[in-house]
Amino acid sequence: MSTDFEKNIADAEALLNPFRKNTLGHFVDGKSTIGSSGKTFENVSPVNNESIGQVAAGDAQEVDAACKSAAAAFPAWKAMKGGERRKLLNNVADAIEARSRDISLVESLDTGQPIRFMGKAAIRGAANFRFFADRAPDARNGQALPQDEHINYTTRQPIGPVGVITPWNTPFMLSTWKIAPALAAGCTVVHKPAEFSPLSATMLAEICSEAGLPDGVLNLVNGKGESAGKSLTEHPDIKAIAFVGESRTGTMIQVQGAPTLKRVHFELGGKNPVIVFDDADLDRALDAAIFMIYSLNGERCTSSSRLLVQSTIYDEFVARVVERVNNLRVGHPLDPATEVGPMIHKSHFDKVCGYFDIAKTDGATIAAGGRESDVGGGAGNYLQPTLFTQARNDMRIAQEEIFGPVLTAIPFADEADAIEIANDIEYGLAGYLWTNDIGRGHRIAQALDAGMIWVNSENNRHLPAPFGGMKASGIGRDGGDYSFDFYMETKNICVALGTHRVPQLGKG
Ligand code: NAD
């Protein structure tokens, strides 16, 4: 065990102690509370499936208290000058940076995500706050739309208290990606984090409060999706729901929110193609394809989980993938050397492992991995990074989101074939494309039905750029001004210049 690994374990254990000893509560109106339901659930660590504490299971009552707190805090937060909101949210960013190591250690043990990625994810959380903080003073800005005898101008105002519901794959970073723009826009928030990974959400709520956010501006209710999550989507004080999670959950939320006409923003599942042409820089394409499916344990919505390789180079390229996959370092998430950690939960581990049999039944070849890993002696949710070859696009391993370190390789003949295979899927989140033919790069980027396309790159992010998916991958876009469009209402104000003829009725 390296010294850094030992230190990570010791520091993480110290940080987890309070979570092990005390029931993790909600955070409502600036205070921790375990609520009135008295129900709890157990949080387990993916490294050994042992308990890391009890979590209060919020229900309709706890959600109602949090929503009322958000509604009460809304008028003052909305009225606060943008410059003051900017200052407070930059304070939050500073505090996240100062605690980024603690956040990443806790997040790694709670989710199984390797520390090498979680350190960066915590810093990105700070960047999300800073980015939207700096835009808070201009969030109301609109357009001037003059006519001959009138001037129209648009302005925006925050929509009201909003609900934010997040998944377990990179919980801290994703929560800040939704919560920071909502707060910068002038909305107050009720956050319901994923039940498999609740710890870092509490750290965020406490950090925000300590950084000076007024009570009730950010509230947190822990609990199950079907109770706490559902109640939040149904609550009449909540004007919009920002949701990140599975496509089928998105459908449920749309139904649940319909009676109260909730505005919804969905970032859902993906089964994203990475298309490699024979004229590409194959070394870079290989690095990127491997990174985009095996980083973050493959539990990543934008993972390049379908590898489409031109048939002229298929065998050669796939052989290079096999070599790299067999060489990936599976290990404890707090080991700085680890590249792939354990799956979030035993149930998810079973789901991912289930695809090994499905691949065989469907006639694909398991060219690498395809089994549990012996790391941790079987106590944790470790599996071998896996590559399926000889796959067709109609197989389940090519159509379904596996959400693990599992890649499905499919050959294609030419440009038209690549586009057809890439688009023949219910999802449309991201697409990656490797070619040195600039015209082809643009042609395929235009033809792919996905919200985000990367040409000769691997998921480079630019915070003002739109993030989101088409088809079953989502509704709406985040990033830059797109986020404010969701968290704010646009209002048109029309002012006469005093010269136009007003219609005159009843004058005979
Ligand atoms: P999930 O849909 O099971 O759960 C997400 C959240 O929704 C959790 O907090 C859960 O408690 C809650 N929830 C569940 N049922 C609910 C209901 N009926 N009403 C309200 N809330 C409910 O998703 P998951 O398994 O936690 O996360 C993995 C999924 O998230 C994958 O499909 C992945 O692609 C997706 N994801 C998408 C993006 C993106 O940006 N598109 C990013 C990360 C993850």
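Parameters at a glance
Residues numbered from 1 in each chain as written. Predicted model: local features only at pLDDT ≥ 70, side-chain atom pairs only at ≥ 80, totals over all residues. Heavy atoms only, no water. Helix = DSSP H or I, 4+ residues; strand = E, 2+ residues; numbered from the N terminus. Rg over C-alpha atoms; globule rule 2.2 N^0.38 Å. Buried < 20%, exposed > 50% of the residue type's maximum accessible area, 1.4 Å probe, protein only. Contact = heavy atoms within 4.5 Å. Areas by Shrake-Rupley, 256 points an atom, 1.4 Å probe, with all protein chains shown as cover. Lys, Arg positive; Asp, Glu negative; His and termini not counted. Charge placed at Lys NZ, Arg CZ, Asp CG, Glu CD. Domains from an automatic or database assignment. Buried area = accessible area lost by both parts, 1.4 Å probe. Salt bridge = Lys/Arg side-chain N within 4 Å of Asp/Glu carboxyl O. Polar contact = N/O pair within 3.5 Å; in protein donor to acceptor, adjacent residues only side chain to side chain. Nonpolar A, V, L, I, M, F, W, Y, C, P; charged D, E, K, R; others polar. Core = buried A, V, L, I, M, F, W, Y, C linked by side-chain atoms within 4.5 Å. Pairing = 2+ DSSP bridges. Near = heavy atom within 4 Å. Phe/Tyr/Trp six-rings, centres within 6.5 Å; stacked < 30°, edge-to-face > 60°. Lys NZ or Arg CZ within 6 Å of the ring centre and 35° of its normal. Axes fitted to C-alpha atoms, helices over the stretch in contact; angles between N-to-C directions. Parallel < 35°, antiparallel > 145°, perpendicular 65-115°, else oblique. Left-handed = near helix turned anticlockwise from the far one by under 90°.

*Asks:* An account of the overall build of the chain is needed here, citing residue identities and associated values.
*Replies:* The number of helices and strands found in the chain is 16 helices and 22 strands. Radius of gyration (C-alpha) of the chain: 24 Å, near the 23 Å computed for a compact globule of 508 residues. If you line up the chain on its principal axes, its C-alpha atoms span 85 × 60 × 40 Å. Taking all 508 residues of the chain together, the buried fraction comes to 57%. Residue pairs in contact within the chain that sit at least 24 positions apart in sequence constitute 75% of those at least 6 positions apart. As presented, the chain carries roughly 20,400 Å² of accessible surface, and 51% of it is formed by carbon and sulfur atoms. Charge separation in the chain, taken as the distance between the mean sites of 49 positive and 61 negative side-chain charges, equals 7 Å.

*Asks:* Give a description of the domain arrangement of the chain that names residues and reports values.
*Replies:* Looking at the chain, the domain boundaries give domain 1 (3-268) and domain 2 (273-455). Using C-alpha coordinates to define each centre, domain 1 is positioned 30 Å away from domain 2. Of the roughly 2,400 Å² buried at the junction of domain 1 and domain 2 (both faces included), carbon and sulfur atoms supply 64%. On the domain 1 side of the interface with domain 2, the three residues burying the most area are Phe5, Arg116 and Trp168, jointly 22% of the side's total. At the boundary of domain 1 and domain 2, one finds zero salt bridges. Counting every contact that joins domain 1 to domain 2 gives ten residue pairs in polar contact (both at pLDDT 80 or more). Put simply, the parts of the chain that give the side of domain 1 that touches domain 2 at least two residues each are helix H1 (3-21), helix H4 (100-111) and helix H5 (115-135). Looking at the side of domain 1 that touches domain 2, its residues break down into 15 nonpolar, eleven polar and three charged.

*Asks:* Which residues make up the nonpolar core, and what are the values?
*Replies:* In this structure, Phe129 and Leu307 are the most contacted members of the largest nonpolar core, which totals 105 residues. Once residues lying within four places of it in the same chain are set aside, the contact partners of leucine 307 are Val274, Val276, Ala289, Phe317, Val321, Leu407, Thr408, Ala409 and Ile410. In terms of nonpolar packing, the next biggest core, distinct from the first, is built from 29 residues, Leu308, Tyr355, Ile397 and Ala398 among them.

*Asks:* Mind laying out the pairing of strand E6 (residues 150-158), listing which residues take part and the relevant values?
*Replies:* Summarising the sheet, strand E5 (residues 144-146) and E6 pair through three bridges and their orientation is antiparallel. Following the sheet pairing, alanine 144 is matched in E6 by tyrosine 153. The turn joining E5 and E6, which pair antiparallel and follow one another in sequence, is formed by three residues. Bridge count for E6 against strand E22 (residues 488-496) is nine bridges, and the pairing is antiparallel. Bridging from a neighbouring strand, threonine 155 pairs with lysine 491 of E22.

*Asks:* Tell me about unusual backbone geometry, and name the residues and values.
*Replies:* With a phi angle near 60°, asparagine 49 is a residue other than glycine that sits in the positive phi range. Along the chain, asparagine 49 turns up in the loop between strand E3 (40-44) and strand E4 (51-56). Despite not being glycine, asparagine 456 shows a phi value in the positive range, around 55°. Inspection of the secondary structure puts asparagine 456 in the loop between strand E19 (452-455) and strand E20 (470-471). Judged by its relative accessible area of 28%, asparagine 456 is partly exposed.

*Asks:* Break down the site of the ligand for me, citing the residues and quoting the values.
*Replies:* As a matter of local geometry, the ligand sits amid 29 residues, with Lys192, Glu195, Thr249, Leu268 and Glu401 nearest to it. Contact between the ligand and lysine 192: an oxygen atom at 2.7 Å from a side-chain N or O atom of the residue. Threonine 249 has a polar side-chain atom sitting 2.6 Å from an oxygen atom of the ligand. With the chains in place, 93% of the 860 Å² that the ligand exposes on its own is no longer accessible. Every element with two or more residues in the shell around the ligand is listed here: helix H8 (225-234), strand E10 (240-244) and helix H9 (247-257). If you tally residues by element for the shell around the ligand, the top one is H9, at four residues. Residues of the shell around the ligand, tallied by class, amount to 15 nonpolar, eight polar and six charged. Of the domains in this structure, domain 1 (3-268) and domain 2 (273-455) are the two that each give at least three residues to the shell around the ligand.

*Asks:* So what's going on with the packing of aromatic side chains? Which residues, and what values?
*Replies:* Applying the stated criterion across every chain yields a total of eleven aromatic pairs. Aromatic side chains phenylalanine 486 and tyrosine 487 sit 4.9 Å apart centroid to centroid with 75° between the ring planes, which places their arrangement in the edge-to-face category. Taken individually, phenylalanine 486 and tyrosine 487 each receive the classification buried, so the pair is uniform in this respect. Members of the aromatic cluster, joined through ring pairs, are Phe131, Phe132, Trp177, Phe467 and Phe484. Positioned above the aromatic ring of phenylalanine 131 is the side chain of arginine 135, whose terminal nitrogen or guanidinium carbon lies 3.7 Å from the ring centre.

*Asks:* A description of the environment of alanine 211 should follow, citing residues and the corresponding values.
*Replies:* As for its position among the elements, alanine 211 is in the loop between helix H7 (199-210) and strand E9 (218-220). Judged by relative accessible area, alanine 211 falls into the buried class, the value being 14%. Separated by 156 residues in sequence, alanine 211 and alanine 367 place their C-alpha atoms 51 Å apart.

*Asks:* Go over the sheet that holds strand E18 (residues 430-434) with me, naming the residues and quoting the values.
*Replies:* Pairing between the strands of a sheet comes from backbone hydrogen bonds, and it takes one of two forms, parallel or antiparallel. Taken together, seven strands build an open sheet; the order of strands is E14-E15-E16-E13-E12-E18-E19 and the sheet is mixed. Unpaired on one side and paired on the other, strand E14 (365-368) and E19 mark the two borders of the sheet. Averaged over all pairs of adjacent strands, the angle between their axes in this sheet comes to 25°, without regard to strand direction. The pairing of strand E12 (residues 273-276) with E18 spans three bridges and is parallel. Paired with valine 276 across the strands is tryptophan 434, a residue of E18. Of the strands in this sheet, E12, strand E13 (306-310), E14, strand E15 (386-389) and strand E16 (406-412) touch helix H11 (residues 314-326), which is tilted by about 160° from E15.

*Asks:* Describe the packing of helix H3 (residues 82-98) against helix H6 (residues 171-185), with residues and values.
*Replies:* One way to put it is that H3 packs onto H6 with a least axis distance of 10 Å and a crossing angle of 165°. Judged by the angle between their axes, H3 and H6 are roughly antiparallel. Two packed elements cross with a definite hand, and for H3 against H6 that hand is right-handed. Residues Arg85, Leu89 and Ile96 of H3 form the contact with H6, whose own contacting residues are Phe172, Thr176, Ala180, Leu183, Ala184 and Ala185. Within the contact of H3 with H6, the residues separate by chemical class into seven nonpolar, one polar and one charged.

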